[in-house]
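This is what each chain is made of:
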Amino acid sequence: MISEYPQELEHTVGLRSGAHVRIRPIRPADEPRLTALYDRLSVDTAYQRFFSPMRSLPPAWAHAFANLDYRTRLALVAEPDDAAEGVLVGVARYAVLAGEARTAEMALVVEDGWQGVGLGTVLLAEILRAAEGRGIHGFRADVLAGNRRMLHLLARYTDVVWRNTHQGVTEVIFRRLSAGKETTRAQAGPDRA
């Protein structure tokens, strides 16, 4: 069952580069925008997100990624304020794990030209906050062991409960940091996400 579009999650944020991006929930009309975003990713970034080399995002995947119920499956996208309407430069998503109503798998991707300005950090914080607002408090992510940026992002901005690497993939189980810890870690210095 599809819930009502969560307009309350729409807002604009500033990044370290001075650019502003609009964060909003994904919509079904974003299918072609997801495909276009995938086409702009470097081979390395696409591989780190999907663990497989693909020439393009399969249409069935774009459809599934853009058509969510906004409760058990939610994605937030980032659109630059100064770009043509509908250009996506980042996506963070979660999907509740089967049989575990309060735990979700989380993933995110940021277009190469937008990496290193804090967009990954913003998307991570926003998707975790949205998930907790829907009663989800535990998270899991599978990350390629060589994806140091993502592993660093999770180690720095979440409360990692468990981490294990097997056959080149690191499974990370984590929770969102409490507000006091978020502030303390943010004051420790800039990240590279």
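Our structure is the block above this text.
Residues numbered from 1 in each chain as written. Predicted model: local features only at pLDDT ≥ 70, side-chain atom pairs only at ≥ 80, totals over all residues. Heavy atoms only, no water.

Overview of the overall build of the protein chain
Stated formally: Helical segments are the DSSP runs of H or I of at least four residues, strand segments are the runs of E of at least two, and each set is numbered from the N terminus. Any two residues whose heavy atoms approach within 4.5 Å at even a single point are treated as in contact. Computed by Shrake-Rupley with a 1.4 Å probe, the accessible areas treat only the displayed protein chains as cover when residues are assessed.
Across its full length, the protein chain carries six helices and eight strands. Along the protein chain, from the amino end to the carboxyl end, the secondary structure elements read β-β-α-α-α-β-β-β-α-β-α-β-β-α. Pairs at least 24 residues apart make up 61% of the contacts formed inside the protein chain by residues separated by at least 6 positions. With an accessible surface of roughly 9,900 Å², the protein chain has 52% of that area assigned to carbon and sulfur atoms.

Overview of the pattern of salt bridges
Note the following rule: Any Lys or Arg side-chain nitrogen found within 4 Å of a carboxyl oxygen on Asp or Glu counts as a salt bridge. Partly exposed describes any residue whose relative accessible area lies between the buried limit of under 20% and the exposed limit of over 50%, with all areas from a 1.4 Å probe on protein chains only and scaled to the type maximum.
Here the structure, examined in full by the defined rule, presents 14 salt bridges. Of the charged contacts in the structure, one is a salt bridge between Asp142 and Arg140, with a shortest N-O distance of 3.0 Å. Looking at Asp142, the relative accessible area reads 29%, which means it is partly exposed. Here Arg175 and Asp159 are joined by a salt bridge, their closest N and O atoms 3.1 Å apart. Of the two residues, Arg175 sits in strand β8 (residues 169-176) while Asp159 sits in strand β7 (residues 158-166), which places them 16 residues apart along the sequence. Salt bridges linked by common partners bring Glu10, Arg22, Arg24, Arg27, Asp30, Arg33 and Glu79 together as one network.

A few points about a nonpolar patch on the surface
To be explicit about the condition: Patch rule: a residue counts if its relative accessible area is over 30% and it has no salt bridge; like charges are joined within 9 Å, and nonpolar side chains (Val, Leu, Ile, Met, Phe, Trp, Tyr) within 5 Å.
A cluster of nonpolar side chains, contributed by Val161, Trp162 and Ile173, occupies part of the molecular surface with about 260 Å² of accessible area. With respect to the helices, strands and loops of the structure, Val161 is situated in strand β7.

Thoughts on the sheet that holds β8
We apply this condition: Here, a strand pair is defined by DSSP locating no fewer than two bridges between the strands. Fitting a line to C-alpha atoms yields each axis, with helices limited to the stretch in contact; the angle taken between N-to-C directions then spans 0 to 180 degrees.
Within the open sheet, the eight strands sit side by side as β1-β2-β3-β4-β5-β6-β8-β7. Their pairing is mixed. Strand pairing shows two members of the sheet lacking a second neighbour, β1 (11-14) and β7, which therefore form its edges. For this sheet the average axis-to-axis angle between neighbouring strands, irrespective of direction, equals 25°. Both strand β3 (residues 73-80) and strand β4 (residues 90-97) contribute to a ladder of six bridges, which runs antiparallel. If you follow Val77 over to β4, its bridge partner there is Val91. Sheet strands in contact with helix α4 (residues 119-132) are β1, β2 (20-25), β3, β4, β5 (100-110), β6 (138-144), β7 and β8, and its direction is about 160° off that of β5.

Quick notes on the nonpolar core
Keep this limit in mind: To define a nonpolar core, start from buried Ala, Val, Leu, Ile, Met, Phe, Trp, Tyr and Cys residues and group those joined through side-chain atoms within 4.5 Å.
Met106, Leu119 and Leu154 are the most contacted members of the largest nonpolar core, which has 37 residues in total. Mapped onto this core, the elements with two or more residues apiece are β2, β3, β4, β5, α4, β6, α5 (148-157) and β8. Per-element accounting of this core gives the leading share, eight residues, to α4. Sequence-distant contacts of Met106, defined by excluding residues within four places in its chain, comprise Arg93, Tyr94, Leu124, Ile127, Leu128, Arg140, Ala141, Met150, Leu154 and Phe174. Grouped together as the second largest cluster of nonpolar side chains are 18 residues, Leu34, Ala66, Val77 and Val91 included.

Observations regarding the environment of Asp142
Note the cut-off: Any pair of N or O atoms that falls within 3.5 Å is considered a polar contact. Within protein, one atom must be able to donate a hydrogen and the other to accept it, and sequence-neighbouring residues count only if both atoms are side-chain atoms.
If you trace the backbone, Asp142 turns up in strand β6. Distance in space between the C-alpha atoms of Asp142 and Ala107 is 8.1 Å, their sequence separation being 35 residues. A distance of 3.0 Å separates polar atoms of two side chains, one belonging to Asp142 and the other to Arg140.

Concerning the packing of aromatic side chains
Under the convention used in this document: Planes of paired rings set the category: under 30 degrees apart is stacked, over 60 is edge-to-face and the rest tilted, where pairs are Phe, Tyr or Trp rings (Trp by its six-membered ring) whose centres lie within 6.5 Å. Charge-over-ring placement is defined geometrically: NZ (Lys) or CZ (Arg) within 6 Å of the ring centre, and within 35 degrees of the ring normal.
Evaluation of the coordinates by the stated rule reveals six aromatic pairs. Centre to centre, the rings of Phe50 and Phe65 are 6.2 Å apart; their planes meet at 25°, and the pair counts as stacked. With a gap of 15 residues between them, Phe50 in helix α2 (residues 43-50) and Phe65 in helix α3 (residues 59-66) connect regions that are remote in the sequence. Relative accessible area serves as the criterion here: at 17%, Phe50 is assigned to the buried category. One aromatic cluster is present, formed by Tyr38, Phe50, Trp61 and Phe65 through successive ring pairs. Just above the ring of Phe50 sits the side chain of Arg49; from NZ or CZ to the centre is 4.4 Å.

Quick word on the side chain of Glu111
With respect to the element layout, Glu111 can be found in the loop between β5 and α4. You can call Glu111 buried: its relative accessible area is 13%. Among the polar contacts listed, one links the side chain of Glu111 to the side chain of Arg40, at a separation of 3.0 Å. Residues in contact with Glu111, not counting those within four places in the same chain, are Leu37, Arg40, Leu41, Leu88 and Val89.

The analysis is restricted to geometry; functional conclusions fall outside its scope.
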